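Coordinate inspection notes
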Amino acid sequence: MKIKKTIKAVVAILLIVCSLMGFAACEEKETEVNRDKLPNQYESKSYYFRQGYSDTWAVSLKNDEGKLVEEYADQGLALQLKPTAETEGVYYNIFCNWNVKDVSMTNSSADFADKAMDEKSKIFFNKINYVTPREEYNQDEKQVKIYNKMNWNQVTFTFIDEEGDQCKGVWNLLTEGTNFYVVSYEAKADKYDTYYAQFEEMIEDFKKIGFEKE
């Protein structure tokens, strides 16, 4: 009888341990789901992304139906944000490059990024992804950055804006099958460092979504 009781006790303890481990695994899995971090969220069901932003930033350009901004549809612009403290000169842009194809037989993010850096390519960043034209555009080598557990190909660049001011920016490319997103942060040179941390906070709250929300 003692042995049976001992066995029952051991089995009960093992069941409790397994239950706790299962709960912990669920908890760990739950934390891996991309959660909205910032208080304001813009969602595009047409291009399957959601972007968060803080109260210190505001929407500058958007389409209420979640499609491309009509006057910048050829550039693929889906959303533009700017700091509430600035009237102009600092922007966070999301471009959805769904219709321009210049990379065959691959959906490699690195290959897309190489093409986006090539001024002879149809998807050259400075040729298609802009709101106002950039003059004297120069770019650095690409690097891989991780934001929100996703690998982005990132390129920093400098340019002269329409007012003749020196500006600086960074674009980040993320693939979606045979399509790709480009998220850019652009600012007057003297404002770039001021808002860079906020740019990184926002791209950390960029997420791809499916037909249904998480």
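Residues numbered from 1 in each chain as written. Predicted model: local features only at pLDDT ≥ 70, side-chain atom pairs only at ≥ 80, totals over all residues. Heavy atoms only, no water.

1. Topic: the overall build of the protein chain
The following threshold applies: Secondary structure is summarised from DSSP: a helix means a run of H or I of at least four residues, a strand means a run of E of at least two, and numbering begins at the N terminus for each. A 1.4 Å probe rolled over the protein chains alone gives each residue an accessible area, and that area as a share of the maximum for its type sets the label: buried under 20%, exposed over 50%, partly exposed in between. Computed by Shrake-Rupley with a 1.4 Å probe, the accessible areas treat only the displayed protein chains as cover when residues are assessed.
If you tally the helices and strands in the protein chain, you get four helices and eleven strands. Counting all 214 residues of the protein chain, 42% fall into the buried class. If you sum the accessible surface of the protein chain, you get close to 12,400 Å²; carbon and sulfur atoms cover 52% of it.

2. Details of the layout of surface pockets
The condition is simple: Buriedness for pockets is judged along seven lines, at least five of which must meet protein on both sides within 12 Å for an open set on the 1 Å grid over protein atoms alone, while cavities are sets there where a 1.4 Å probe fits but cannot get out, and lining residues have an atom within 4 Å of a point. Grid points are joined across faces, edges and corners, and a volume is the space filled by probe spheres set on the points. Throughout this entry, Asp, Glu, Lys and Arg are counted as charged residues, while Ala, Val, Leu, Ile, Met, Phe, Trp, Tyr, Cys and Pro are counted as nonpolar. The remaining residues, Gly among them, count as polar.
Looking at the largest pocket, its volume works out to about 330 Å³. Lining the largest pocket are 18 residues, and of these Gly89, Tyr91, Thr132, Asp161 and Glu162 sit closest to its centre. Those elements that place two or more of their residues in the lining of the largest pocket are β5 (90-97) and β10 (179-188). Residues belonging to the lining of the largest pocket are distributed by class as follows: seven nonpolar, four polar and seven charged.

3. Concerning the confidence of the model for the protein chain
Test applied: pLDDT expresses how confident the predictor is about each individual residue, on a scale running from 0 to 100. Here a residue-residue contact requires only that any non-hydrogen atoms of the pair lie within 4.5 Å.
With 79% of its residues at a pLDDT of 70 or more, the protein chain shows a mean pLDDT of 86. Predicted confidence for residues 17-33 stays below pLDDT 50, and this span has four contacts to residues more than four positions away or in other chains.

4. A closer look at the packing of aromatic side chains
Under the convention used in this document: Pairing of aromatic rings covers Phe, Tyr and the six-membered ring of Trp, with a centre-to-centre limit of 6.5 Å; geometry is then stacked below 30 degrees between planes, edge-to-face above 60, and tilted otherwise. Working rule: Lys NZ or Arg CZ, within 6 Å of ring centre, within 35 degrees of ring normal, means a charge sits over the ring.
Evaluation of the coordinates by the stated rule reveals 22 aromatic pairs. One aromatic cluster is present, built from ring pairs that chain together Tyr42, Tyr47, Phe49, Trp98, Trp152, Tyr181 and Phe206. A cation over a ring is seen here: Arg134 above Phe159, with NZ or CZ 5.9 Å from the ring centre.

5. Regarding the pattern of salt bridges
What counts is decided by this rule: Salt bridge criterion: a side-chain nitrogen from Lys or Arg within 4 Å of a carboxyl oxygen from Asp or Glu.
Following the criterion strictly, the structure yields 14 salt bridges and no others. Residues Arg50 and Glu43 are paired through a salt bridge, measuring 3.2 Å at the closest nitrogen-oxygen approach. An identical accessibility class is assigned to Arg50 and Glu43; each is buried. Note that Asp114 and Lys142 form a salt bridge whose closest N and O atoms lie 2.6 Å from each other. Of this pair, Asp114 sits in helix α2 (residues 109-117) while Lys142 sits in the loop between β6 (135-139) and β7 (143-147), and the two are 28 residues apart along the sequence. For Asp114, a relative accessible area of 38% puts it in the partly exposed group.

6. Comments concerning the sheet that holds strand β2 (residues 49-53)
Spelled out, the test is: By definition, two strands form a pair when at least two bridges between them are found by DSSP. Between N-to-C directions, angles span 0 to 180 degrees; the directions come from axes that are lines fitted to C-alpha atoms, helices contributing only their stretch in contact.
With respect to topology, three strands assemble into an open sheet ordered β1-β2-β11, the strand pairing being antiparallel. Edge positions in the sheet fall to β1 (40-44) and β11 (206-208), since each of these pairs with one other strand and no more. Within this sheet the neighbouring strands show an average axis-to-axis angle of 15°, counted without direction. Alignment of β2 against β11, held across three bridges, turns out to be antiparallel. Note on β11: the bridge partner recorded for Arg50 is Lys207. Sitting on the sheet, helix α4 (residues 192-203) touches β2 and β11, and the angle it makes with β2 is about 140°.

7. Looking at unusual backbone geometry
The phi dihedral of Tyr48 is positive, around 55°, even though this residue is not glycine. Its place among the elements puts Tyr48 in the loop between β1 and β2. Residue classification places Tyr48 among the partly exposed residues on the basis of a relative accessible area of 24%.

8. A few points about the environment of Cys96
Among the secondary structure elements, Cys96 is positioned in strand β5. Residue classification places Cys96 among the buried residues on the basis of a relative accessible area of 3%. Each C-alpha atom, one on Cys96 and one on Phe49, is 9.6 Å from the other, the two residues being 47 residues apart in sequence. Discounting residues that sit within four places of it in the chain, Cys96 has contacts with Tyr47, Phe49, Leu68, Gly76, Ala78, Phe180 and Tyr181.

9. Looking at α2
Where we set the bar: When we speak of the arc, we mean the arc of directions from the helix axis to the C-beta atoms. Within 3.5 Å is the distance limit for a polar contact, defined as a pair of N or O atoms, with the added protein rule that one can donate a hydrogen and the other accept it, and that residues adjacent in sequence qualify only through two side-chain atoms.
Listing the buried residues of α2 in full gives Ser109, Phe112, Ala113, Ala116 and Met117. Relative to the axis of α2, the buried residues are bounded by an arc of 135° and lie together on one face. Here the buried face of α2 lies against α3 (125-128), β6, β8 (150-160), β9 (166-176) and β10. Looking at where α2 begins, the residue whose side-chain oxygen comes 3.3 Å from the main-chain nitrogen of Ala110 is Ser108.

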